[in-house]
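Listed below are the residues making up each chain.
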Amino acid sequence: MLVTGGAGYVGAVLVPKLLDAGLKVRVLDWYIFGSDVLDQVKGHPNLEEHKGDIRDRNLLARLLRGCDAVIHLACISNDPSAELNPALTRSVNLDAFAPLVQLSKLAGVRRFIYASSSSVYGLSDEPDVDETHALRPLTDYSRFKALCEPILLEQRSNDFVPVIIRPATVCGYSPRLRLDLTVNILTAHAIERRKITVFGGDQLRPNIHIDDITDLYVRLLGHADERIAGKVFNAGYQNHSVAQIAEMVRGVVQQELPDMGPIDIVTTPTDDHRSYHISSRKIADELGFVPAHGIEDAVRSLTQAFRAGKIADALVNTKYSNIKTMQKVQAGLIDLQGVDKGVAA
């Protein structure tokens with residue numbers, strides 16, 4: 001199978017699970033966050049790592065040969081990164097998508113799992129935003145996510161089974177760590193600064209633990225076609241306000257690191273009032289998927305990683321921030337034109 005973006009935040013946790021399930025995995029990624037992301041499974045006989053560009057059709061055609069499934073994670077992720085270079089974002093997040101789907105179908109891929117986003121709903125006053133809610137994306141990132149969905153679904157056939165997941169904001173530790181996500185950055189601030197700054201606080205933010213979303217992708221490979229073909233599922237767990245998340249972070253960090261002392265929470269005004277509350281009832285009812293980990297578990301995994309020395313220079317190292325890494329790309333400090341090495345790790 002092919003995992004695009006397999007060396008990203010989610011991919012770095014997902015790929016080892018796929019290998020543990022006995023699957024043969026090809027990873028296609030730019031590897032702009034480091035070539036060591038998948039070191040924990042380096043040398044695995046069922047793993048191939050390919051440094052390359054999702055927009056390279058010849059490369060895609062070659063990597064898709066013999067694959068029966070695709071999990072598509074690759075994208076320029078989060079709004080600030082997407083806005084930094086709109087043309088690049090469009091070419092990667094939207095323009096490359098239809099060729100990937102078409103080439104997958106031609107290659108005989110039977111199952112295509114697309115990681116969309118719950119941000120496609122935009123702002124909503126609905127108490128529970130389910131999959132029937134209108135899509136009102138507010139940014140290029142979420143708009144391109146939404147536009148890709150019908151491109152995939154219209155290719156559905158008896159031999160090509162697409163399924164779309166709209167995840168909540170993912171949280172928790174990954175070897176390719178992101179510290180620009182709500183739970184993760186609040187945890188980093190609590191540990192590094194002993195102070196959590198909350199901008200606003202009333203905004204609701206749905207979250208899902210990285211172990212749960214990666215477990216879901218593995219499970220989707222095993223479901224019968226009729227249970228998932230052409231369907232769209234929200235995937236979230238806890239919907240809490242930013243202020244509530246900050247309190248959870250403080251509680252867990254102080255419990256895990258009792259010698260660190262008290263952690264302050266400071267609230268300041270904000271112009272960002274995005275707030276939404278997604279419902280994941282459909283995926284529970286139809287697939288029996290109920291997340292097993294909460295925000296506290298994500299904070300605990302991050303705290304333990306800090307304690308073990310796995311997270312160095314958390315607030316200054318650009319590799320933990322998508323926007324800062326993409327700024328380096330924009331400045332020519334990171335070359336995206338990596339040649340596929342075809343390395344079987």
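That block above? That's the structure.
All of the points below concern the structure found in this document. Nothing here was measured: the structure is a model prediction, and the numbers come from that model. Position numbers for residues start from 1 in each chain and track the written sequence from start to end. Two thresholds apply to this predicted model, a pLDDT of at least 70 for residue-level local features and 80 or more for giving and counting side-chain atom pairs, whereas whole-chain, interface and lining totals are computed over all residues. To get the side-chain values, take all heavy atoms of the structure and skip hydrogens and water.

The next point concerns the environment of Asp 39. Labels follow the DSSP assignment, with helices taken as runs of H or I lasting at least four residues and strands as runs of E lasting at least two, numbered in each case from the N terminus. Tracing the backbone through its elements, the reader meets Asp 39 in the loop between β2 (25–29) and β3 (47–51). Partly exposed residues are those whose accessible area sits between 20% and 50% of the maximum for their type, while under 20% is buried and over 50% is exposed, using a 1.4 Å probe and protein chains only. By relative accessible area, Asp 39 is classed as partly exposed at 43%. Put simply, Asp 39 and Pro 175 are 136 residues apart on the chain and 9.0 Å apart in space, counted from C-alpha to C-alpha.

In this section: unusual backbone geometry. For Arg 194, which is not glycine, the phi torsion reads 60 degrees and is therefore positive. Along the chain, Arg 194 falls in the loop between α7 (182–193) and β8 (195–199). With a phi angle near 50 degrees, Asp 313 is a residue other than glycine that sits in the positive phi range. Residue placement: Asp 313 occurs in the loop between α12 (295–307) and α13 (322–330).

Looking now at the sheet that holds strand β7 (residues 169–171). The strand order across the open sheet built from three strands is β7-β9-β11, with neighbouring strands paired in mixed fashion. Two strands bound the open sheet, and with one partner strand each, they are β7 and β11 (238–241). Within this sheet the neighbouring strands show an average axis-to-axis angle of 45 degrees, counted without direction. The criterion for strand pairing is that DSSP finds at least two bridges linking the strands in question. Sheet analysis places β7 next to strand β9 (residues 204–209), joined by three bridges and oriented parallel. Across the sheet, the residue bridging to Cys 171 is His 209, located in β9. We call two residues in contact whenever any of their non-hydrogen atoms come within 4.5 Å of each other. The axes are straight lines fitted to the C-alpha atoms, using for helices just the contacting stretch, and the angles between their N-to-C directions are given from 0 to 180°. Helix-sheet contacts for helix α8 (residues 210–220) involve β7 and β9, and the interaxial angle to β9 is about 60 degrees.

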